[in-house]
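Listed here are the chains, written in short residue letters.
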Amino acid sequence: MDISAFSDDNFEVKEWINRTFRSLEAQENKNAFVNSMVKKLQLYVQQVNSTLEDTSQQVLHCLPRVMRDTEMLHHEAIFLQNKMQSIKEEIVKVEKDTGESMASLERLDRMKTELKTAKEALHEADNWIVLATDIEEVFESRNIDQISSKIVSMQQSLNILANVIDYEERKMQLEGLKNRLEAIASPQLVEAFTSNSVEQSRRFVNIFSSMERLPQLLKYYHKCQKGALCQVWRRTVEEQDQNVMDWMNNFYDSLLLNWHQQVKWCQLVVGSVDTLIEVYADVLVSLDPSFNTCIDAALKQHDQPLFFLMELKEVTKSFESNLQPVVHSQGKDIEGWKKLLSAIYSPYSPYISKYETFEKSYMQNQLLALKVTRDDLMDTVQGLSQSISSVISIANEAKKRCLQFTEGVAFPGLVKALLEYFHYYLEQYNYVLRQLQMQTSEQEDWNMFQMCLTLLQTVGDLLCEVKHFDCELIQIILESCRKPKLSGLCIYAPILLSDTTEQELNKFIEVLQNGSQTSLLESITTTMEKLCRDVHFTTYQVIFAPISIQLDSAKYKWSTDSKVQNVCDMPDYSFAPQEYITQILMLTDWRIPNDTTSAS
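These figures come from a predicted structure and were not determined experimentally. In this numbering scheme, every chain counts its residues from 1 along its sequence in written order. Local features are withheld for residues below a pLDDT of 70 in this predicted model, meaning they are given only at 70 or higher, and side-chain atom pairs are given and counted only at 80 or more; totals for whole chains, interfaces and linings count all residues. Neither water nor hydrogens contribute to the side-chain values; these are computed over all heavy atoms in the structure.

*Asks:* Mind showing me how you'd approach the pattern of salt bridges here?
*Replies:* Where charged atoms from two side chains of opposite charge come close, those side chains can pair. Throughout this description, the term salt bridge denotes a Lys or Arg side-chain nitrogen within 4 Å of a carboxyl oxygen of Asp or Glu. Taken as a whole and judged by the stated rule, the model has 15 salt bridges. The partner of K226 in a salt bridge is D282, with the nearest N and O atoms 3.3 Å apart. Of this pair, K226 sits in helix α7 (residues 214–237) while D282 sits in helix α9 (residues 274–284), placing them 56 residues apart in sequence. The classification of residues rests on relative accessible area computed with a 1.4 Å probe and restricted to protein chains. Under 20% of the type maximum is buried, over 50% is exposed, and intermediate values are partly exposed. We classify K226 as partly exposed; its relative accessible area is 25%. One salt bridge connects E320 with K317, and the closest N-O pair in it is separated by 3.5 Å. Placement of both E320 and K317 in helix α11 (residues 305–328) is noted, with a separation of three residues, approximately one turn of the helix. Residue classification places E320 among the buried positions, given a relative accessible area of 2%. Relative accessible area serves as the criterion here: at 22%, K317 is assigned to the partly exposed category. Helical segments are the DSSP runs of H or I of at least four residues, strand segments are the runs of E of at least two, and each set is numbered from the N terminus.

*Asks:* Would you take a moment to explain the packing of helix α14 (residues 355–369) against helix α15 (residues 377–406) for this structure?
*Replies:* When two helices pack together, their arrangement is captured by the angle between the axes and the distance separating the axes. Axes here mean lines fitted to C-alpha atoms, for a helix over just the part in contact, with angles spanning 0 to 180 degrees between N-to-C directions. Following both chains from N to C, one finds α14 and α15 inclined at 155°, their axes separated by 11 Å at the closest point. By the angle between their directions, the pair α14 and α15 is classed as roughly antiparallel. For the pair α14 and α15, the sense of crossing is right-handed. Residues Y355, E359, Y362, M363, Q366 and L367 of α14 pack against V391, I394, A398, R401, C402, F405 and T406 of α15. Comment on the angle field: the value is read as roughly parallel under 35 degrees, roughly antiparallel over 145, roughly perpendicular from 65 to 115, and oblique elsewhere. Left-handed describes a crossing whose near helix is turned anticlockwise from the far helix by less than a right angle; the clockwise case is right-handed. When checking whether two residues touch, look at their non-hydrogen atoms; a contact exists if any pair is within 4.5 Å.

*Asks:* Looking at this structure, how should I read the packing of helix α8 (residues 244–269) against α9?
*Replies:* Close contact between α8 and α9 brings their axes to 11 Å; oriented N to C, the two are set at 155°. With respect to α9, the axis of α8 lies roughly antiparallel. Here the hand of the crossing between α8 and α9 comes out right-handed. Taking contact as the criterion, the partners of F251, L255, N258, W259, Q262, V263 and C266 in α8 are, on α9, L276, I277, Y280, V283 and L284. When grouped by side-chain class, the residues that make up the contact of α8 with α9 number ten nonpolar, two polar and no charged. Under the scheme applied, nonpolar residues are Ala, Val, Leu, Ile, Met, Phe, Trp, Tyr, Cys and Pro; charged residues are Asp, Glu, Lys and Arg; polar residues are all the others, including Gly.

*Asks:* Just to check I follow, could you spell out the side chain of D470 for this structure?
*Replies:* Mapped onto the elements of the fold, D470 is located in helix α17 (residues 446–481). Note that His is not counted, nor are the chain ends; the positive residues are Lys and Arg, and the negative ones are Asp and Glu. Within the buried set, D470 has no salt-bridge partner at all; the shortest N-O distance to an opposite charge, 9.1 Å, is to K467. Excluding residues that lie within four positions of it along the chain, D470 makes contacts with S519, L520 and L521.

Right, here's the structure in full:
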């Protein structure tokens, strides 16, 4: 019998009995099984009692020995405590007896250190005097290496003499000597940088580094590179048979070629290309004449400034695409690249601020080129119907131009230009509607009816197309915001926009992202819906005007004379429709099938 269940903390008597009696043996003879189980349990109880009694006897037998061991441990603990207390008293006594001796030793050590420092200071003071006396003779020899060696020695001496009274005077004297050496070395330094001599450049880097003047040497390099690149630009501009696009393209090629050369030089001489990034950023904003001056002059010769600016932007974009991998291959951080990118695109900031004006002018010219309005009203209605695809295509091209020229940062300006563009286009619909309303008469006019239905269908098609275009525009804007941080709005917006315009762009995007604004062309769609209602009303006026006239005239023909009163006495075949009834039926026959063709 399994008695392990009795040791379980959650032992249930009923559950154990029920589980035991489910066995085959219990099912065959329950009484015999119960008697057997009771006997087994009694035997187990006796065994447990016997075990408990044996265990109790063993505990009682061992208890005196445990008490003795406990008492011995207690005595040993008291002895250890007394011993530790005596050791603590001895330590306190030693500290008290030797405290004065330790203080004396520390005082002597300080005196030794001060004497050693004073000795070194006296030595360096004597050395400073000797060096200050000898350096004038060395300056007369104009030997840069010897002069720099003397200055470095004086610099080391000055570091030790930091606490002397005339330290500031000596420091100013040393700075004057460094300036004199820099003046002597500057012609050779410029020549080494100009000729890209690695050996000579390394020599001067070591000299200036030892004098703690490496930043000054990098300024010389910056100035030499800037002057050389600006001279390349001036020579490029002097090419009379080329335009500004050719100038920029050639100059960008020169910059890329020079970058590859200077990167190798910087790695061999300086060990870093940070200075080169600063040089390029400075050069691009310091050109004479500037990019903006050349672009402004060229714009006066172009009828479509937007397309010319887009072509220039493509040239600059190509330069950026070629430069970015080589810059990032040097492990430069994003901030350094942003600084250079800002200089690359700085010429386009003034024109991007005018993008709305450029786009608005171009789209209106495109709309005028469609020549929708014609001499004949029917031709004008047909022209409006045929122009929808062209009008939407012009708007789609505007989206592409905004992304291509402004990298998406001028989306608010694009929306404003599109609103004015569609309003201008809807004016032509309003003009046609007014003409239809003016020509509406009380007589039947099949042409007028056809024009109204065509215009109604056209306005409905236009409304559907504009709503679809609106959804696509919002989707493109949101996709531009999700681009990687090195190619999206987050990097180009601070570069191409002013702070105020950038804040407007951020608010514009925020309302789209949080869903508070679901339409950018809501004013246009609202105007179109009103136009649909107006065209619909005019169409019904055209349809029902002749019928209304016939009905108005018919009510005077209805009479209650004796002939009408006695119609019940006439046979069925004698009835014939009166003339006004026939006219009304003829009017409705050609209107019913055409009335279902409306698109709105």
